[in-house]
Amino acid sequence: MSRTLIFGGTFNPVHVGHLRAAIEVMEALGFAQVEWVPSYAPRHKSDSPLLGFDLRIALLRAALHGHDCFRVNDIERTLPVPSVTIQTLEAMARSEPAADRYFLLGDREFLRLHQWRSGSDVVKLTHIAIACRTEFDLDAFASEVAAVWPASRRVEPPAGALLAFELLPGRFAVVVPLPRIDVSSSLVRRRWLEGRSLSHLVPQAVLELLERHREEVAVAWRPAPASALQAS
Ligand code: ATP
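The structure presented is a predicted model; accordingly, all values stated were derived computationally and were not measured. (Residues numbered from 1 in each chain as written. Predicted model: local features only at pLDDT ≥ 70, side-chain atom pairs only at ≥ 80, totals over all residues. Heavy atoms only, no water.)

Give a description of unusual backbone geometry that names residues and reports values.
In this structure, Pro13 follows Asn12 across a cis peptide bond, with omega equal to 5°. Tracing the backbone shows Pro13 in the loop between strand S1 (3-9) and helix H1 (16-29). Residue Pro82 follows Val81 across a cis peptide bond; omega there is -5°. Following the sequence through the fold, Pro82 ends up in the loop between strand S3 (70-72) and helix H3 (85-95). (Helix = DSSP H or I, 4+ residues; strand = E, 2+ residues; numbered from the N terminus.)

Structure representation (structure tokens):
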């Protein structure tokens, strides 16, 4: 059975924080590969300036080039919009029913998962790898998990994990510590709009591709005029 770590995100654009997170979790939990699944039309980011899907995919491929353990999956291109995780996981389960999947989420995102569309059904389709960037109090986090997943129970963590929970019978969430790298796509976009260097915030190949697509990037990332913001 294949065992895959799924890394979903907007990747607008991909940056070094994403890359490091994927490597840390993959190594800690002993995955052979990471499947990067860019969101085609993210519902929760409909008001943020978004590069076209093809360009975000091209940037991802450029960033991941040379890492045989990384694979880009553009499945959301074929699915109804807005893109929702449950729908993507269902499609992945249909195409490869036997795969054992872990979905990578930040600790704060995990604590909001039950509020996502069909959020509690997400864990019927995948285990969760929780990447923790914050200063971490294990017992406090376990209490937060118990509050939002009342039927869960704390279990012995596997090697490489700090904590683990059984959320539903046979469905686990495992907590992996991450070195804190405070880079976000928003920061990268801000620096780009300010005309400042993106060196070491994104891989060099991403930087070069952004430069080659300068006009498309400028149109996509240009801030909405104040009047448009007021009208929305
Ligand atoms: P934006 O700033 O536009 O909101 P982002 O940097 O958070 O974007 P996303 O593509 O929305 O990037 O994130 C995909 C996933 O990567 C999310 O689970 C997010 O928590 C995680 N992530 C983003 N930045 C980092 C980072 N610096 N370190 C670890 N994980 C990160």
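Now that the structure has been shown, the text picks up again.
So what's going on with the side chain of Ser39? Which residues, and what values?
Looking at where Ser39 falls in the secondary structure, it is placed in the loop between strand S2 (34-38) and helix H2 (53-64). Here the side chain of Ser39 touches Glu76 through a polar contact of 3.4 Å, side chain to side chain. Once you skip the residues sitting within four places of it in the chain, Ser39 turns out to touch Gly9, Thr10, Phe53, Arg56, Glu76 and Ser83. (Polar contact = N/O pair within 3.5 Å; in protein donor to acceptor, adjacent residues only side chain to side chain. Contact = heavy atoms within 4.5 Å.)

How would you summarise the packing of H2 against helix H8 (residues 204-212) if you had to cite specific residues and measurements?
Remark: H2 packs on H8, axes separated minimally by 7 Å, with the N-to-C direction vectors making an angle of 150°. With respect to each other, H2 and H8 are oriented roughly antiparallel. Considering how the two elements wind past one another, H2 and H8 form a crossing that is right-handed. Side by side, H2 and H8 meet where Ala58, Leu59, Ala62 and Ala63 of the first sit next to Ala205, Val206, Leu209 and Leu210 of the second. Across the contact of H2 with H8, the residue classes tally to 8 nonpolar, no polar and no charged. (Axes fitted to C-alpha atoms, helices over the stretch in contact; angles between N-to-C directions. Parallel < 35°, antiparallel > 145°, perpendicular 65-115°, else oblique. Left-handed = near helix turned anticlockwise from the far one by under 90°. Nonpolar A, V, L, I, M, F, W, Y, C, P; charged D, E, K, R; others polar.)

Go over the sheet that holds S3, please, and point to the residues and values.
Pairing is mixed in the open sheet, where 8 strands are placed in the order S3-S2-S1-S4-S5-S8-S7-S6. A single partner strand is all that each edge strand has here, and the edge strands are S3 and strand S6 (153-155). Across the sheet, the mean angle separating the axes of adjacent strands is 30° when strand polarity is ignored. One ladder, built from 5 bridges, connects strand S5 (residues 127-132) with strand S8 (residues 171-177); its direction is parallel. (Pairing = 2+ DSSP bridges.)

Could you give an account of the packing of aromatic side chains, naming the residues involved and the relevant values?
All chains considered together, the criterion is met by 9 aromatic pairs. Ring plane angle 85° and centroid distance 5.6 Å describe the contact between Trp192 and Trp221, whose orientation is recorded as edge-to-face. With a gap of 29 residues between them, Trp192 in helix H7 (residues 185-193) and Trp221 in helix H9 (residues 214-221) connect regions that are remote in the sequence. The pair formed by Trp192 and Trp221 is uniform in burial state, with each residue classed as buried. Grouped by ring-pair contacts, the aromatic residues Phe7, Phe11, Trp36 and Phe70 constitute a single cluster. If you follow Arg3 out to its NZ or CZ, it ends over the ring of Phe31, 4.2 Å from the centre. (Phe/Tyr/Trp six-rings, centres within 6.5 Å; stacked < 30°, edge-to-face > 60°. Buried < 20%, exposed > 50% of the residue type's maximum accessible area, 1.4 Å probe, protein only. Lys NZ or Arg CZ within 6 Å of the ring centre and 35° of its normal.)

If you had to explain the nonpolar core to someone new, which residues and values would you point to?
Within soluble globular proteins, side chains that are nonpolar generally end up buried alongside one another. One finds Leu5, Val25, Trp36, Phe70 and Leu210 to be the most contacted residues of the largest nonpolar core, which totals 47 residues. Not counting residues up to four positions away in its chain, the partners in contact with Phe70 are Leu19, Ala22, Ile23, Met26, Val34, Trp36 and Leu64. Counting 28 residues, the second-largest nonpolar core is a separate cluster that includes Ile75, Val84, Phe103 and Ile128. (Core = buried A, V, L, I, M, F, W, Y, C linked by side-chain atoms within 4.5 Å.)

Describe the pairing of S5, and please don't skip the residues or the numbers.
With respect to burial, S5 is a largely interior element, 6 of its 6 residues being buried. Along S5, one buried face is formed by His127, Ala129 and Ala131 and the opposite face, lined by Ile128, Ile130 and Cys132, is buried too. Of the strand pairs in this sheet, strand S4 (residues 100-106) and S5 are connected by 5 bridges, and their pairing is parallel. What sits directly across from Phe103, in S5, is Ile128.

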